[in-house]
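This is what each chain is made of:
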Amino acid sequence: MNRESNSKPGTGYDALRRAAYHLQALASLGQLAVLLFWIFASVALYAGIGSMLTWPAPMHAWAEGLRTDAGRSAVLLIPLVLAPAALAAIWLLSRLHALARVLYRGEPISPAVSQALAGLARAILGYLIVATFAPPFLAELVAATGYPLTLGFSSWYLGLIAYLCLRAMSLLVAEANRISDENKAFV
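Residues numbered from 1 in each chain as written. Predicted model: local features only at pLDDT ≥ 70, side-chain atom pairs only at ≥ 80, totals over all residues. Heavy atoms only, no water.

*Asks:* Describe the overall build of the protein chain, naming the residues involved and giving the relevant values.
*Replies:* Helix and strand counts for the protein chain come out as 6 helices and 0 strands. N-terminal to C-terminal, the α/β element order of the protein chain is α-α-α-α-α-α. Classification of the 187 residues of the protein chain by burial places 36% in the buried group. Restricting to contacts in the protein chain with at least 6 residues of sequence separation, those with at least 24 account for 70%. Carbon together with sulfur atoms contributes 69% to the accessible area of the protein chain, which is approximately 11000 Å² in total. (Helix = DSSP H or I, 4+ residues; strand = E, 2+ residues; numbered from the N terminus. Buried < 20%, exposed > 50% of the residue type's maximum accessible area, 1.4 Å probe, protein only. Contact = heavy atoms within 4.5 Å. Areas by Shrake-Rupley, 256 points an atom, 1.4 Å probe, with all protein chains shown as cover.)

This is the structure we're talking about:
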């Protein structure tokens, strides 16, 4: 992309850099928010104040079941059961941060951008799998309680659409970079 070809301020390369900068900041804030929410959710469910908060009903019922059926020692496992989903979300946001960093510091049509888009696509797919299946599996493994398996159509549908779009963009950027390199070699 020609950095000098911007006819209006705030368009083209400058706008891309500004958007990438904001994406970096939002990804970092998102990572912090996920970590704090994981701690807060673990403490709230452990302390039994889930009924005072707006939790999904199956999660609250699961935590209550731990408290009554398995005893207080099993309640200590709540952070362990919720950890994979939190770590997957942090990994997803770190891939978003990496993409934004590459867009901010480098050329928008480059192998690094293509790799960062592909990494973000894989992170979305990984997050969907881990966040859906890891907590119920770990809950059954450690305490033999019925953690709710949430297979929401909208989250999977939108997640798969996001994965496919990012994967297509990754291939598009890789192809544009290949064509650009061929044109440079020709001239």
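Back to the text.
*Asks:* Explain the packing of aromatic side chains residue by residue, including any values.
*Replies:* Using the criterion set out here, one finds 1 aromatic pair in the structure. Between Tyr21 and Tyr104, the aromatic rings sit 6.1 Å apart at their centres with planes inclined by 45°, giving tilted as the arrangement. Here Tyr104 lies in helix H4 (residues 78-105) and Tyr21 lies in helix H1 (residues 13-47), a separation of 83 residues in the sequence. (Phe/Tyr/Trp six-rings, centres within 6.5 Å; stacked < 30°, edge-to-face > 60°.)

*Asks:* If you had to explain the nonpolar core to someone new, which residues and values would you point to?
*Replies:* One finds Leu99, Val113, Leu117 and Leu166 to be the most contacted residues of the largest nonpolar core, which totals 16 residues. Mapped onto this core, the elements with two or more residues apiece are H4, helix H5 (111-143) and helix H6 (153-186). With 8 residues, the top contributor of residues to this core is H5. Setting aside anything within four residues of it in sequence, one finds Val113 in contact with Leu99, Val102, Leu103, Glu107, Pro108 and Val173. (Core = buried A, V, L, I, M, F, W, Y, C linked by side-chain atoms within 4.5 Å.)

*Asks:* Which residues make up the pattern of salt bridges, and what values go with them?
*Replies:* The full count for this structure, using the stated rule, is 2 salt bridges. Across the pair Arg178 and Glu175 runs a salt bridge, and its minimum N-O distance is 2.3 Å. Of this pair, Arg178 and Glu175 both sit in helix H6, separated by 3 residues, roughly a single helical turn. Residue classification places Arg178 among the partly exposed positions, given a relative accessible area of 38%. You can call Glu175 partly exposed: its relative accessible area is 35%. The partner of Arg178 in a salt bridge is Glu182, with the nearest N and O atoms 2.4 Å apart. Here Arg178 and its partner Glu182 are both found in helix H6, 4 residues apart, which amounts to about one turn of the helix. Residue classification places Glu182 among the partly exposed positions, given a relative accessible area of 46%. Connected via shared salt-bridge partners are Glu175, Arg178 and Glu182. (Salt bridge = Lys/Arg side-chain N within 4 Å of Asp/Glu carboxyl O.)

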